[in-house]
Amino acid sequence: FDKEYLSLPDELLNLTMINHQRYFPMKLEIDNKLTNNFLFVANNFDNKNLITKGNEKVIDARLSDAKFFWDKNKKQSLVKQVTKLNSIVFYQKLGSLYDKTQRVRQLSSVIADSIGANKADTEIAASISKSDLVSDLVGEYPELQGIIGSYFAIEQGFSKEISDAIQNHYLPLGPTGIVPKEKISISIAIADKIDNLVGFFGIDEKPTSSKDPFALRRACLGILRLITENRINISIKEILNNSKNLYISQNFNLTNEKIIEDLFEFFIERFRVNLKDKGARLDVVNSILQNNRLDDFYLLYKNINELSKCFKKPQGRDSISIFKRSKNILDTSITKDDEFFGNPENILFKHPVEDEILNKLNEIRDYFTTPSRLRDNNKTVSLLSELKPMTDNFFDNVKVNDDNQQVRNNRLELLTLLCKTFEKFTDFSKLDGS
């Protein structure tokens with residue numbers, strides 16, 4: 001084909017040749033750049049070169065149209081195209097793409113502030129992130145949404161970071177798709193997906209076991225990957241609330257009064273599935289996620305990875321053993337009429353080891369006043385495991401269910417305190433100790 005078409009974006013050339021015509025594009029071995037040659041396969045002889053000429057004529061017509069649209073659209077200001085998004089419905093109950101773009105602009109600015117991205121550039125990129133959807137090129141080649149917008153932005157003098165964000169805010173496209181690493185791209189990618197989730201959950205258009213027409217599971221997984229793979233500490237609930245308020249400020253009627261709770265549970269379940277698919281240790285996953293209200297998913301991810309390693313070590317196995325032995329004693333000793341709160345009185349202690357255990361538990365509980373994000377998991381597990389010789393001594397030499405009712409109850413209070421202390425760290429009842 002004519003060399004003039006090599007001025008078109010490679011993605012546009014490839015899409016035309018591969019998807020539309022089933023051709024093989026050719027690249028130069030030296031610099032890996034596309035050439036104006038292509039291959040095709042025919043199942044009969046072409047003595048008069050008619051098949052070749054016919055294919056060259058077809059590709060010339062297609063690329064001529066593409067170049068016409070390219071030359072026309074690249075000059076149309078992305079900023080001025082934004083208002084045209086009013087004519088494209090995002091979803092009937094959730095407004096137009098213009099409405100969505102304004103929400104994403106404001107939400108991505110909040111996220112940018114949290115992760116240290118340039119707020120001004122983030123807002124600019126978010127504002128024009130959907131502008132290419134009104135272009136003739138994307139109308140003809142919808143697969144190039146974002147990609148074409150990125151090229152338009154470069155042509156119109158926007159920075160590389162802003163141009164990249166227009167393309168990258170759709171990423172990742174699947175469980176193994178590329179995750180953007182630039183902070184502006186990350187901010188808009190998260191905001192765009194959060195807006196989808198809050199909107200559709202807000203009007204009770206949730207995924208079912210068999211249907212997910214708005215790809216909300218993929219959006220949720222994409223957010224989790226953006227957060228964990230970029231090691232971002234951010235509050236999901238805070239972002240969800242911000243998004244909800246933006247819908248309300250635009251006077252949209254979100255009928256689901258439990259949007260945030262429903263979405264948080266949705267995130268937890270997608271997170272669990274994602275970790276399972278990655279081969280994470282399930283007892284540790286269940287232990288941490290069982291009753292955890294922490295909404296910093298990178299911290300959760302980090303804790304799961306660290307604790308999986310910790311519980312393989314002798315100290316980890318010891319800490320599980322201490323809890324399980326104590327919990328078993330409690331379960332077999334407590335009757336339905338008993339009620340224990342974990343408040344032992346040292347005046348009722350009869351054996352020195354009881355004081356030792358209480359002192360150690362108080363030391364551990366003091367350590368737990370440190371915010372969880374600042375704690376060292378190895379140190380925590382090591383601290384818990386230091387109870388092992390004391391509890392072994394206790395169970396071997398102390399009669400828990402003492403004949404004296406007060407002494408019995410006090411010892412059960414001590415074991416209740418021990419179990420509660422361990423459970424402040426994670427749900428040890430879910431751990432298998434292997």
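Before reading on, note that the structure itself is shown above.
A brief structural summary. Quantities reported herein were computed from a predicted structural model and do not represent experimental measurements.

This part is about the packing of aromatic side chains. Scanning all chains against the criterion turns up 24 aromatic pairs. Seen in terms of ring centroids, Phe425 and Phe428 are 6.5 Å apart; in terms of plane orientation they differ by 40°. Their pairing is tilted. With a relative accessible area of 14%, Phe425 lands in the buried category. Grouping aromatic residues by their ring pairs yields a cluster made of Phe311, Phe323, Tyr367, Phe368, Phe422, Phe425 and Phe428. When the ring centre of Phe264 is taken as origin, the NZ or CZ atom of Lys237, which lies over that ring, is 4.4 Å away.

Taken as a whole and assessed by the stated rule, the structure comprises 26 salt bridges. Note that Glu229 and Arg225 form a salt bridge whose closest N and O atoms lie 2.7 Å from each other. Of the two residues, Glu229 and Arg225 are both situated in helix H10 (residues 216-229); the distance of four residues between them amounts to about one turn of the helix. For Arg281, the salt bridge goes to Asp283, with nearest N and O atoms at 2.7 Å. Taken as a pair, Arg281 and Asp283 share a single burial class, namely buried.

Quick look at the packing of helix H12 (residues 259-277) against helix H14 (residues 297-310) now. Running from N to C, H12 and H14 point in directions that differ by 35°, and their axes come no closer than 12 Å. Taken as a pair, H12 and H14 cross one another with a handedness that is right-handed. Counted together, Phe264, Phe267, Ile268, Phe271 and Leu275 of H12 and Phe297, Leu300, Tyr301 and Ile304 of H14 form the full contact between these two elements.

What follows is about the environment of Ser308. Inspection of the secondary structure assignment puts Ser308 in helix H14. Residue classification places Ser308 among the buried residues on the basis of a relative accessible area of 13%. Beyond its immediate sequence surroundings of up to four residues, Ser308 is in contact with Arg281 and Val284.

Along the chain, Asn393 turns up in helix H18 (residues 388-397). Given the relative accessible area of 27%, Asn393 is considered partly exposed. Residues in contact with Asn393, not counting those within four places in the same chain, are His351, Val353 and Val398. At a separation of 2.6 Å, a polar atom in the side chain of Asn393 contacts the side chain of Asn397.

It is worth spelling out the side chain of Thr380 at this point. Relative to the assigned elements, Thr380 resides in helix H17 (residues 377-385). Judged by relative accessible area, Thr380 falls into the buried class, the value being 1%. With sequence-adjacent residues up to four places away left out, Thr380 is seen in contact with Tyr367, Phe368, Arg375 and Phe425.

Let us look at helix H4 (residues 97-115). Under the 1.5 Å per step criterion, the end-to-end length of H4 is 26 Å for 19 residues, consistent within 8% with the ideal 27 Å. Within H4, burial applies to Leu97, Lys100, Thr101, Gln102, Arg103, Val104, Leu107, Ser108, Ser109, Ile111, Ala112 and Ile115. On the buried face of H4, the contacting elements are strand E3 (89-91), strand E4 (95-96), helix H5 (119-127), helix H9 (183-202) and helix H11 (236-249). One or two positions beyond H4, positive phi appears at Gly116, with a value near 80°.

Our next topic: the nonpolar core. Leu197, Phe267 and Phe297 are the most contacted members of the largest nonpolar core, which totals 125 residues. Here the element with the most residues in this core is H9; it accounts for eleven residues. Sequence-distant contacts of Leu197, defined by excluding residues within four places in its chain, comprise Gly202, Leu216, Ala219, Cys220, Ile223, Leu263, Phe266 and Phe267.

Helical geometry note: an α-helix holds 3.6 residues per turn, so side chains three or four residues apart project in the same direction. When H18 is considered as a whole, its buried residues turn out to be Lys388, Met390, Thr391, Phe394 and Phe395. Each buried residue of H18 sits inside an arc of 160° when the element is viewed along its axis, so together they form one side. Seen from the buried face of H18, the exposed residues on the opposite side, beyond 90 degrees, are Pro389, Asp396 and Asn397. In this structure, the buried side of H18 is in contact with helix H15 (314-333), helix H16 (352-367), H17 and helix H19 (405-423).

Looking at chain direction, strand E1 (residues 24-27) and strand E2 (residues 34-39) are connected through three bridges and run antiparallel. If you follow Lys27 over to E2, its bridge partner there is Leu34. A loop of six residues connects E1 with E2, the two strands running antiparallel in sequence, and Asn32 in this loop sits at a positive phi of about 65°.

Basis of the calculations
- Residues numbered from 1 in each chain as written.
- Predicted model: local features only at pLDDT ≥ 70, side-chain atom pairs only at ≥ 80, totals over all residues.
- Heavy atoms only, no water.
- Phe/Tyr/Trp six-rings, centres within 6.5 Å; stacked < 30°, edge-to-face > 60°.
- Buried < 20%, exposed > 50% of the residue type's maximum accessible area, 1.4 Å probe, protein only.
- Lys NZ or Arg CZ within 6 Å of the ring centre and 35° of its normal.
- Salt bridge = Lys/Arg side-chain N within 4 Å of Asp/Glu carboxyl O.
- Helix = DSSP H or I, 4+ residues; strand = E, 2+ residues; numbered from the N terminus.
- Axes fitted to C-alpha atoms, helices over the stretch in contact; angles between N-to-C directions.
- Left-handed = near helix turned anticlockwise from the far one by under 90°.
- Contact = heavy atoms within 4.5 Å.
- Polar contact = N/O pair within 3.5 Å; in protein donor to acceptor, adjacent residues only side chain to side chain.
- Expected span 1.5 Å × (residues − 1).
- Core = buried A, V, L, I, M, F, W, Y, C linked by side-chain atoms within 4.5 Å.
- Arc of directions from axis to C-beta.
- Pairing = 2+ DSSP bridges.

In short, the description is geometric, and any link to function would need to be established separately.
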